[in-house]
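# Fold and contact review
For reference, the chains in residue letters:
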Amino acid sequence: MQHYILSKKNQMTLISGVLIGLGFFSHFILENVRISEWSLIIASIFGVAPIAIQAYQAIKVKVVSIDLLVTIAVIGAFLIQNYEEAAIVTFLFLFGHFLEQRTLNQTRSAIKELTEMAPESALRQMEDGEFEEVDVEDVDEGEVLLVKTGAKVPVDGTIISGEGHINEASITGESVPANKTVGSEVFAGTILENGTIQIRADRVGEDTTFGKIIELVEEAQDSKSEAERFIDRFAKYYTPIVLVLAFVVWVFSQNIELAITILVLGCPGALVIGVPVSNVAGIGNGARNGVLLKGSEVIHDFSRVDTIVFDKTGTLTVGNPTVAETEFYGKDSTEVLGYLASVERESDHPLAKAVLQQIGETTLSTVEGTEVVKGGGIVANVNGHRLAIGNVALMEKEHAVFSKKAQKDVERFEKNGNSLVLTAVDGELKILMGIRDQVRLGVKEDLQELKKLGVKNLVVLSGDNQGTVDAVARELGLTEAHGHMLPEDKSAHIEKLQRAGQIVAFVGDGVNDSPSLALADIGIAMGNGTDVAIETSDVVLMNSDFSRLPHALGLAKATALNMKQNIIIAVGVVLVLLASVFFSEWMNMSIGMLVHEGSILVVIFNGMRLLNYRLQGKRILKKTKTNSTSEAAHTA
């Protein structure tokens, strides 16, 4: 019976409203007091039934809810035969709940849209070469899928045949379709607007980028901030206090109507709903704009950040460097280049790719005993020779011999802003390469936006040489620049900043960034980075779009401010209503409940403003899309 009544709550609200209208019509038009009175009594019963059931269910789990306050108030109104007040209070309470759910559903629509975008089927290539439609859950990694014009890409994969334009708004927030050709990555949930492509499935199910977005957003909605936990505790004790206050007022004044009115006006509904609606709306806006905020606590902390620390390669820079300068030492350069290419082809780091691109076709040899030196480079055996490939620190560790010319070349290359890749064979330096990476398009303007949003310190920490790091810092106007940093050095520097009282965010994308991402007050991962970097972060910028960072910070600040506004509105309304009971003659239960429900809608609509939040004056640029980098072999 209880379930049936609660399931018909909206219909009972409508019936209650019609009966109240009939009651007033009978009283003022027909002048039939008896029909009017019975209409209001029945309206009160219809209205209070679901409210009383909710109050009873809350009491069973030892929670004194707002519904209990309203139920007691309505019973009290019946005792003093104030049926008009009882009917109006219950109707306004139920109608307010109906409007509250409607607006909350709209607020959650941004996240609902994401789940509805999830692909359900795929065209899988069978053994006979034909394509057959199957459930997306049945697709395995490595299988070949066909995507036709207008269809959703079912999994994360790589195009092996065909080309077309894909709308990636569900992943990146960028509405302009991206041109995709053979070798391009595609993401589940995106839409092929024209063309036909065949893709190899790389990640399926929950492991796809789209699956992770939904999972992270759902987790973010479920998490509670310190403010929400405080309000939960506040509501737990506040409701009994209102009951005691009403009882005390009745004991001293013997005015039952006044006591009942206090019960109605003391309902903290707007306070309970205000912070969650801001949280959900802020997370929804971020999800639609390529920013994942992992919870209300993250929003609160992110809004207070005053120092942002950046990794360099793949974060401030494109992560697609090329060899700019080369010096050879010795006469066997062709043979050493073959050795170098043999080792570097085993790495997917952008510096290794740049070296291979520069060398081109060459004779390859068998590589044995490969050892990755964290923050240094690679050591391996090739044709009986020990090769060390990496930075100056690795050369020193290997006791490589440098001529005076080589020492001067190293200094010159660093001053020119190059990242250095040195190759030593059997402890003797043979090749010095200077590699330069381009700064991301528009990143300087994005950093200026961060400063306008209140970030005081912009710091770059990199394993690259100091000359290269300084060159990037000068170009971008950064506050600090530190090179030759191992992962533990980056973490130590972040701890140093935190001890100085700074609230630190760290932006990175590689495996080596994970300790810093976890240690910082806010870890921000570039979305094309490694899975471990994304998992340990608090904020994810999808598709590694750096331009989303100012929007993310601005949104966090706007959401935190919105939460405070809603708390002030909710508390202010309750205080004004209670004051009006004692210091005015016009306040009664009906007016109080109308204002109370109105305040709930005000905080909901105030929170919904966040769905349309955009950073003021932010330019719109289509960024150069780049692949992320792995930092397992070389420094960043």
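Residues numbered from 1 in each chain as written. Predicted model: local features only at pLDDT ≥ 70, side-chain atom pairs only at ≥ 80, totals over all residues. Heavy atoms only, no water.

### Notes on the sheet that holds strand β11 (residues 367-373)
Inclusion rule: By definition, two strands form a pair when at least two bridges between them are found by DSSP. Secondary structure is summarised from DSSP: a helix means a run of H or I of at least four residues, a strand means a run of E of at least two, and numbering begins at the N terminus for each. Note on definitions: angles span 0 to 180 degrees between N-to-C directions of axes, and those axes are lines fitted to C-alpha atoms, for helices only across the stretch in contact. Every residue pair with non-hydrogen atoms within 4.5 Å of one another is taken to be in contact.
The six strands are arranged β10-β15-β14-β13-β12-β11 in an open sheet whose pairing can be described as antiparallel. In this open sheet, the two edge strands, each paired with only one partner strand, are β10 (322-328) and β11. Geometrically, the sheet is characterised by an average inter-axis angle of 15° between neighbouring strands, direction not taken into account. Sitting on the sheet, helix α16 (residues 404-415) is in contact with β10, β14 (419-425) and β15 (428-436), with an inclination near 165° to β10.

### Some points on the pattern of salt bridges
Put simply, the rule is: Just to be clear on terms, a salt bridge is a Lys or Arg side-chain nitrogen sitting within 4 Å of an Asp or Glu carboxyl oxygen. Throughout this description, buried means an accessible area under 20% of the type-specific maximum (1.4 Å probe, protein chains only), exposed means over 50%, and partly exposed covers the range between.
Scanning the entire structure with this criterion turns up 15 salt bridges. Here Glu 143 makes a salt bridge to Arg 124, at a shortest N to O gap of 3.7 Å. Remark: Arg 124 occurs in strand β1 (residues 121-125) and Glu 143 occurs in the loop between β2 (131-135) and β3 (144-147); sequence separation between them is 19 residues. A residue is classified by how much of its surface remains accessible, and Glu 143, at 22% relative accessible area, is partly exposed.

### Looking at the confidence of the model for the protein
Worth spelling out the cut-off: Note on scores: pLDDT gives the predictor's confidence for each residue, bounded by 0 and 100.
In this model, the protein carries a mean pLDDT of 83, and residues with pLDDT of at least 70 account for 86%. Ranking the helices and strands of the protein by mean pLDDT puts strand β9 (residues 307-310) first, with 96, and helix α21 (residues 531-535) last, with 58. Counted against residues more than four places away or in other chains, residues 619-636, with its pLDDT under 50, gives 68 contacts.

### Side note on the sheet that holds strand β16 (residues 457-461)
Pairing is mixed in the open sheet, where seven strands are placed in the order β8-β20-β19-β18-β9-β16-β17. Edge strands, defined here as strands with exactly one partner in the open sheet, are β8 (291-293) and β17 (480-482). Between one strand and the next, the sheet's axes are offset by a mean angle of 15°, whatever the strand orientation. Examined bridge by bridge, β9 and β16 share four bridges and lie parallel to one another. The partner of Thr 307 across the bridge, within β16, is Asn 457. Each of β16 and β17 is contacted by helix α18 (residues 466-476), which is oriented at about 160° to β17, the strand it contacts most.

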